[in-house]
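# Examining the three-dimensional arrangement
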Amino acid sequence: MASQSQVLVEEKSSVRILTLNRPKQLNALCFNMISRLLQLFLAYEEDPSVKLVILKGQGRAFCAGGDVPPVVNNIVQGKWRLGADFFRDQYTLNYVMATYSKPQVSILNGIVMGAGAGVSIHGRFRIATENTVFAMPETALGLFPDVGASYFLSRLPGFFGEYVGLTGARLDGAEMLACGLATHFVLSSSLDALEADLCKVGSSDPSFVSTILDAYTHHPYLKQKSAYYRLDVIDRCFSRRTVEEIISALEREATQEPDDWILTTIRALKKSSPSSLKISLRSIREGRLQGVGQCLIREYRMVCHVMKGDLSKDLVEGCRAILIDKDRNPKWKPKRLEDMKDNMVDQYFERVEEEERWEDLKLSPRNNLRASKIAAKL
Ligand SMILES: CC(C)(COP(=O)(O)OP(=O)(O)OC[C@H]1O[C@@H](n2cnc3c(N)ncnc32)[C@H](O)[C@@H]1OP(=O)(O)O)[C@@H](O)C(=O)NCCC(=O)NCCSC(=O)/C=C/c1ccc(O)cc1
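Now for a quick tour of the structure. (Residues numbered from 1 in each chain as written. Predicted model: local features only at pLDDT ≥ 70, side-chain atom pairs only at ≥ 80, totals over all residues. Heavy atoms only, no water.)

## Let's talk about the overall build of the protein
Inclusion rule: Every helix listed is a DSSP run of H or I at least four residues long, and every strand listed is a run of E at least two residues long, numbered separately from the N terminus. Atoms counted for the radius of gyration: C-alpha only. Globule rule: 2.2 Å times residue count to the power 0.38. Note on classification: 1.4 Å probe, protein chains only; a residue is buried when its accessible area is under 20% of the maximum for its type, exposed when over 50%, partly exposed between these limits. Should any heavy atoms of two residues lie within 4.5 Å, those residues are counted as being in contact. Here the accessible surface of atoms and residues is derived via Shrake-Rupley with a 1.4 Å probe, and residues count as covered only by protein chains that are part of the display. Positive charges are assigned to Lys and Arg, negative charges to Asp and Glu, while His and the chain termini are left out of the count. Charged groups are reduced to one reference atom each: NZ for lysine, CZ for arginine, CG for aspartic acid, CD for glutamic acid.
Assigned secondary structure in the protein consists of 17 helices and ten strands. Computed over the C-alpha atoms, the radius of gyration of the protein is 20 Å, within 12% of the 21 Å expected from 2.2 N^0.38 for a compact globule of 378 residues. In terms of its C-alpha atoms, the protein occupies a principal-axis envelope of roughly 60 × 55 × 40 Å. Among the 378 residues that make up the protein, the fraction classed as buried is 56%. In the protein, the proportion of contacts linking residues at least 24 apart, taken out of those at least 6 apart, comes to 74%. Accessible surface for the protein amounts to roughly 16400 Å². Of this, 52% is attributable to carbon and sulfur atoms. Between the mean site of the 50 positive side-chain charges and the mean site of the 46 negative ones, the protein shows a separation of 2 Å.

And the structure:
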């Protein structure tokens, strides 16, 4: 079965190592992989002989996101509900991982984007390396940072989450560690030895895993031009109430002290989908006050509206421009931020009405609904 070769399973005493294995597609998560991961995670939770789950990717990516083109094909053919099934399973997997009773270690030795963040950041241990490239690039794709990102981005220091989620800025491993998206930084040359040591762990007590990880931890320097050194500007600008005000605040900063970082940030915002930017900002803001389950339920409503396309068809256009034609020149509708009115934003947060059989995402109660600690030193 395809799903078996797309998620490889190794059993090493009480540890299970899962490898995302679609390297040509940068391990983009397809429906089969998500179903398989969900099935495995639930089974391991019930199995007392399993103490630790390790997740990693084959090749140069951990995971470059959800496998967008098939879902977009369904949307174009008027079958957006098939996409809704994809997201329902994906968000359920994110929820199971966020509330998992056993420790998980994700080895982020390469690209981690969108859905790839959803299957790692919610877990207890996230290992960055010198090869890690993290981004939530959804606003350039006509989507919004989903997979529970309104939960974990809103818990980053200050308004760094708004910056990362709206601009799609790329972070390296050191920056992930600094802001709390990663819990550890390990040099890639040490990963084989680390994995071998982790396989000796005979307990589900996270402190045992922590001790092993600490022995491999490297303390990287932030690069001189890191956005993390701009937290003061980020807080001043990205704390504004609206996207228009965020851009104006950045433009004011740019006139006072023009530099490449601010100009790149403004350019990224101006190139992204106006509807995506507005719903993303609102989503992250609401996420600040919600638990991970509530965030996922709200995001499911939002993504169903995005797929249904009544309010905007930017997802299909963004996918064309980034992943299919690769011209990186999407034609957004509405084109301007001011044409995306508050009442249009509101509709993304409402139930999908007048649809037979459509239901809100249902998440079962979990024994240890633990809010995983994002940000600050763990
Ligand atoms: C910066 C990347 C990660 C690497 O660039 P690269 O080094 O120049 O490599 P390539 O772009 O040539 O990518 C190698 C191959 O992997 C494929 N690929 C690379 N990401 C992907 C990918 N998310 N999917 C499906 N093939 C991919 C990519 O199309 C290409 O396939 P091919 O042209 O056949 O060689 C670049 O591929 C890139 O920008 N990828 C898109 C990243 C991205 O926007 N990810 C999605 C985040 S949002 C998300 O997860 C949402 C999922 C979703 C799901 C369903 C929906 O309806 C709506 C949304």
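## Digging into helix α3 (residues 68-76)
Note the following rule: Directions drawn from the helix axis to the C-beta atoms are what define this arc.
Looking at α3, one finds that the buried residues are Val-68, Val-71, Val-72, Asn-74 and Ile-75. Buried residues of α3 fall within an arc of 155° about the axis and therefore sit on the same side. The elements touched by buried residues of α3 are α4 (80-98), α15 (292-308) and α16 (314-324). Remark: Gly-78 follows α3 within two positions and exhibits a positive phi of approximately 80°.

## Looking at the site of the ligand
As a reminder of what qualifies: Consider each residue's heavy atoms; a residue with any of them within 4 Å of a molecule or strand counts as near. For this analysis, a polar contact is any N or O atom pair within 3.5 Å, provided that within protein one partner can donate a hydrogen and the other can accept it, and provided that sequence-adjacent residues contribute only side-chain to side-chain pairs. Polarity classes work like this: nonpolar for Ala, Val, Leu, Ile, Met, Phe, Trp, Tyr, Cys and Pro, charged for Asp, Glu, Lys and Arg, and polar for all others, with Gly in that last group.
Surrounding the ligand, one finds 27 residues, the nearest of these being Arg-60, Ala-64, Gly-66, Val-71 and Lys-326. Measuring from a nitrogen atom of the ligand, one finds a backbone N or O atom of Ala-64 at 2.8 Å. Ala-115 places a polar main-chain atom, nitrogen or oxygen, 3.1 Å from an oxygen atom of the ligand. Taken by itself the ligand offers 1000 Å² of open surface, and the protein chains cover 76% of this. Elements with a contribution of two residues or more to the shell around the ligand: α3, α4, β6 (111-113) and α16. Among the elements that line the shell around the ligand, the one with the most residues is α3, at three residues. Per-class residue counts for the shell around the ligand are 16 nonpolar, four polar and seven charged.

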